[in-house]
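Chain and residue survey
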Amino acid sequence: MQTIDSLKKAKPEFVALFIITALGAILRFWGFWTLSLWADEGQVFITAENILQTGLPLLDSGYLYSRDLLHLYLTAGSMAVFGHNEFAVRLPSVLAGTGLILAIYLFVRTISTSRAGVVAASITAFHPWYISYSQFARSYIIAVFFITVTLYYFSDSYINNNYSKERVIVLTISGICAVLSHQTGQVVILYAFLTILLSDAVKNISSLSSFKTSSHKQIDWSQIYYVIPICGIGIAIVLSKLVASKSYWQYTTAIQSQATESTSEGVVSILAQIRSFIPFGVEPQIHNILYIFNPIPVILSLSILSIISLSYINQIYDTSDKMRYFLLLCVATFIPVVFAKRDVSTSRAYLFTTPILISAIAIFSEHILKSFESPWAPEQPSDTVLSVILIILLLPFVWQSIGVVTTSYGEDVNKHHSPGEVFSYRQDTSSTYEFVNQHAENDETIVVFGNPKFAPAYLDPKKEVDYWAWTATNYSIEGEHYYIGDAMIISEYSQFQEILENRNQVWIVTTYSISDVGHLNQRFRSFANEKCAVFQSKDPNGKVILYKEGKAVCERSMIDRSS
């Protein structure tokens, strides 16, 4: 209630925030369920479906899928309510993306002013990057939301001395949720230690040792406020590591390690076990920082503007405690990037840093504008100027965001905004399976060219994928595929030929993989691209090829059965 009351006091900003949040919500909710699942959304569907059946985040192979636990359970809950469809799978991301607009406003308002908060909320609401990730069924935007909420509550406690019981509960929950949403969410433990070191907590706790007379009994017990969040976040980190140690990823990592390292009796050293529980790596990856200069407009523009903003803030506010605190938060935010256990190679690795970058830009712009107030005639000139400037600057963002939400099958996607960075167009992963559902008998052979992770979402449960062609990374543990389970991998073209010769009727479903040299070799790709198809989706690589008695069927009228 305190937060709502304080929002209402700043009426112009409150009205602006309401309009911005409503427009941002419209962009995020705009047709988010209309296109089929794509990229990594397939394994999210599989795992969430298994949660509903067993209570555990299992892949179809039976291996534990430990990544992004909170998101998987939220998705399972959504599917339980709204059904096994795209709407339910993507709804948690849409809600988190909308909530992020308000969260970043509250954080920036606490650090600076309400007007700066409106600027930050505006950038967040209309930026095409956030729109794309809000309509993508992975945990990235959910983690960003909870990281920002945690940032707000830590900042509010440090700057405004808000230590209520309700706030410590919300802070602890949001910190735990950030950790369980994505491994990068573990950065909140750094925010916790930074806040407690800069606050009076250390001084007050040290005063306990000098407690001798009754005059020393007035101790500010509110400083134990930070103990509960730190304990909760720490437990969440340990829990996530323990779960990960039992997952499929741990098995694949162990297999890879055995090829390069030898340990006594096959047991990982104690030091390695200890290091595995450290949230980040122990060796700095300086080249990761250089990724901010990647010529991707989303990253480069934010990077340059934020560097200028932080330099300005550092000079103007060199005596301000809360601005020093903000600058240190910026440093803490980039620690996971510098000490990442793997090289940063994708733009989404920087998605987690953008709230702090946007905050710096908003604070900078608000105070630059404030310095020009006096020459203007209106009573509140900077409000007017700020509105005009924001509208002008945000128009390109709005235009691109509308392009994001209106993209259809087969159309090019902007790799700078898209979470499916390796894909050049929007795929149709459903219509090919729906065609097979209508025309294939339950006992007929189905072969998928590419990873069949979308089959559980769209293929009739009475049918199953028997084989899938894949000549790239071996997605298996001791010969068993850890995503799909029963489907047999075909890595040799001769195996595929044998299936065509020995099976009466074979349905071949092609995917994006027939255009990717990293997924299928030339012989498989040539077959898929040269043979006639009985069905072609709006996706240029999505089609169904039917082989009957060793020959390709080229006319749909030659199919014996129809829907």
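Here is a short report on the structure shown in this document. Because the structure is predicted, anything quoted here is derived from the model rather than measured.

**What to know about the overall build of the protein**
Broken down by element type, the protein carries 23 helices and nine strands. Taking as baseline every contact in the protein between residues at least 6 positions apart, the subset at least 24 positions apart corresponds to 72%. For the protein, the exposed surface amounts to about 26200 Å²; the carbon and sulfur share of it is 60%.

**Side note on the packing of aromatic side chains**
The description of an aromatic ring pair uses the distance of the two centres, along with the angle that the planes make with each other. Evaluated as defined, the whole model comprises 25 aromatic pairs. Taken together, a centroid distance of 6.4 Å and an interplanar angle of 20° make the contact between phenylalanine 154 and tyrosine 226 stacked. Residue phenylalanine 154 is found in helix α8 (residues 140-160), and its partner tyrosine 226 is found in the loop between α11 (201-206) and α12 (227-244); the two are separated by 72 residues along the sequence. Here phenylalanine 154 and tyrosine 226 have matching classes, each one buried. Three or more aromatic residues joined by ring pairs make a cluster, and in this case those are Phe449, Tyr493, Phe496, Phe524, Phe527 and Tyr547.

**Thoughts on the pairing of strand β1 (residues 445-449)**
On a regular strand, each side chain points to the face opposite its neighbour's, so the side chains alternate between the two faces of the sheet. Extensive coverage of β1 is indicated by the burial of five of its five residues. Bridge count for β1 against strand β6 (residues 505-510) is five bridges, and the pairing is parallel. Bridging from a neighbouring strand, threonine 445 pairs with valine 506 of β6. Where β1 meets strand β2 (residues 467-469), three bridges bridge the pair, whose relative direction is parallel. Bridge assignment links phenylalanine 449 to a residue of β2, and that residue is alanine 469.

**Quick notes on the pattern of salt bridges**
For the coordinates displayed, the defined rule picks out six salt bridges. The salt bridge involving aspartate 68 is made with arginine 138; its shortest N-O contact spans 3.1 Å. Placement of the pair is aspartate 68 in the loop between α3 (41-54) and α4 (69-82) and arginine 138 in the loop between α7 (128-134) and α8, with a sequence separation of 70 residues. For aspartate 68, a relative accessible area of 5% puts it in the buried group. For arginine 138, a relative accessible area of 1% puts it in the buried group. Of the charged contacts in the structure, one is a salt bridge between aspartate 460 and lysine 463, with a shortest N-O distance of 3.9 Å. Connected through salt bridges with shared partners, the residues Asp40, Asp68, Arg138 and Lys453 form a single ionic network.

**Thoughts on a nonpolar patch on the surface**
Side chains of Phe14, Val15, Phe18, Ile19, Leu23, Ile26, Trp30 and Ile402 sit close together on the surface and give an oily, nonpolar patch of about 730 Å² of accessible area. Top contributing element to the nonpolar patch by residue count: helix α2 (residues 11-29), with six residues. On the secondary structure map, isoleucine 402 appears in helix α19 (residues 381-405). Assessed through its relative accessible area of 30%, isoleucine 402 is described here as partly exposed.

**Section: unusual backbone geometry**
In this model, alanine 39 sits at a positive phi of 50°, which is unusual for a non-glycine residue. Positionally, alanine 39 belongs in the loop between α2 and α3.

**Considerations on the state of the cysteines**
Overall, the coordinates contain one disulfide when judged by the stated rule. Disulfide pairing places cysteine 532 opposite cysteine 554 at an S-S distance of 1.9 Å. Every disulfide takes its handedness from the sign of the S-S torsion; for cysteine 532 and cysteine 554 that torsion is -65°, giving left-handed. With cysteine 532 in the loop between α23 (522-530) and β7 (535-536) and cysteine 554 in the segment after β9 (551-553), the pair connects residues that are 22 residues apart, well separated along the chain. Overall, the relative accessible area of 24% leaves cysteine 532 in the partly exposed class. The class for cysteine 554 is partly exposed, based on a relative accessible area of 41%.

**Considering the packing of helix α5 (residues 86-111) against helix α17 (residues 321-338)**
Look at α5 against α17: their axes get within 9 Å of each other, and the N-to-C directions meet at 135°. In terms of axis orientation, α5 runs oblique to α17. Each of Phe107, Thr110 and Ile111 in α5 lies in contact with α17, whose residues at this interface are Lys322, Met323, Tyr325, Phe326 and Leu329. A class-by-class count of the residues in the contact of α5 with α17 yields six nonpolar, one polar and one charged.

**Digging into the nonpolar core**
Grouped together as the largest cluster of nonpolar side chains are 86 residues, with contacts concentrated most on Phe107, Val108, Tyr191, Phe326, Leu329 and Ile356. It is α8 that contributes the most residues to this core, 14 residues altogether. What valine 108 contacts, discounting residues up to four positions off in sequence, is Thr113, Ala116, Gly117, Ala120, Ser359, Ala362 and Ile363. The next biggest cluster of nonpolar side chains, apart from the first, holds 34 residues, and it includes Ala48, Val436, Val448 and Val534.

**Describing the side chain of serine 66**
Relative to the helices and strands, serine 66 resides in the loop between α3 and α4. Of the residues examined, serine 66 reaches a relative accessible area of 12% and is grouped as buried. Setting aside chain neighbours within four positions, we find serine 66 in contact with Val243, Ala244 and Ser247.

**Details of the side chain of aspartate 428**
Residue placement: aspartate 428 occurs in the loop between α19 and α20 (431-439). No salt bridge is formed by the buried aspartate 428; the nearest opposite charge belongs to lysine 538, separated by 7.6 Å. Among the polar contacts made by the side chain of aspartate 428, one reaches the side chain of serine 431 at a distance of 2.4 Å. Setting aside anything within four residues of it in sequence, one finds aspartate 428 in contact with Ser36, Tyr409, Ser537, Lys538 and Asp539.

**Regarding the packing of α8 against helix α9 (residues 165-181)**
For the pair α8 and α9, the least separation of the axes is 8 Å and the interaxial angle reads 150°. The interaxial crossing formed by α8 with α9 has left-handed handedness. Listed contacts from α9 to Ile142, Ala143, Phe146, Ile147, Val149, Thr150, Tyr152, Tyr153, Phe154 and Asp156 of α8 are Arg167, Val170, Leu171, Ser174, Gly175, Cys177, Ala178 and Ser181. Partitioned by chemical class, the residues of the contact of α8 with α9 number twelve nonpolar, four polar and two charged.

**Brief notes about helix α22 (residues 493-502)**
Residue pairs three or four apart in sequence face the same way in an α-helix, which turns once every 3.6 residues. Here α22 has its buried residues at Tyr493, Phe496, Ile499 and Leu500. For α22, the buried positions fall inside an angular range of 115° around the axis, keeping them on one side. More than 90 degrees from the buried face of α22, the exposed residues found are Glu501 and Asn502. Looking at the buried residues of α22, the elements they touch are β1, β2, β5 (488-490), β6, α23 and β8 (543-548).

Calculation criteria
Residues numbered from 1 in each chain as written. Predicted model: local features only at pLDDT ≥ 70, side-chain atom pairs only at ≥ 80, totals over all residues. Heavy atoms only, no water. Helix = DSSP H or I, 4+ residues; strand = E, 2+ residues; numbered from the N terminus. Contact = heavy atoms within 4.5 Å. Areas by Shrake-Rupley, 256 points an atom, 1.4 Å probe, with all protein chains shown as cover. Phe/Tyr/Trp six-rings, centres within 6.5 Å; stacked < 30°, edge-to-face > 60°. Buried < 20%, exposed > 50% of the residue type's maximum accessible area, 1.4 Å probe, protein only. Pairing = 2+ DSSP bridges. Salt bridge = Lys/Arg side-chain N within 4 Å of Asp/Glu carboxyl O. Patch = residues over 30% accessible without salt bridge, like charges linked within 9 Å, V, L, I, M, F, W, Y side chains within 5 Å. Disulfide = S-S within 2.5 Å. Axes fitted to C-alpha atoms, helices over the stretch in contact; angles between N-to-C directions. Parallel < 35°, antiparallel > 145°, perpendicular 65-115°, else oblique. Nonpolar A, V, L, I, M, F, W, Y, C, P; charged D, E, K, R; others polar. Core = buried A, V, L, I, M, F, W, Y, C linked by side-chain atoms within 4.5 Å. Lys, Arg positive; Asp, Glu negative; His and termini not counted. Polar contact = N/O pair within 3.5 Å; in protein donor to acceptor, adjacent residues only side chain to side chain. Left-handed = near helix turned anticlockwise from the far one by under 90°. Arc of directions from axis to C-beta.

In short, shape yes, function no, at least from these values alone.
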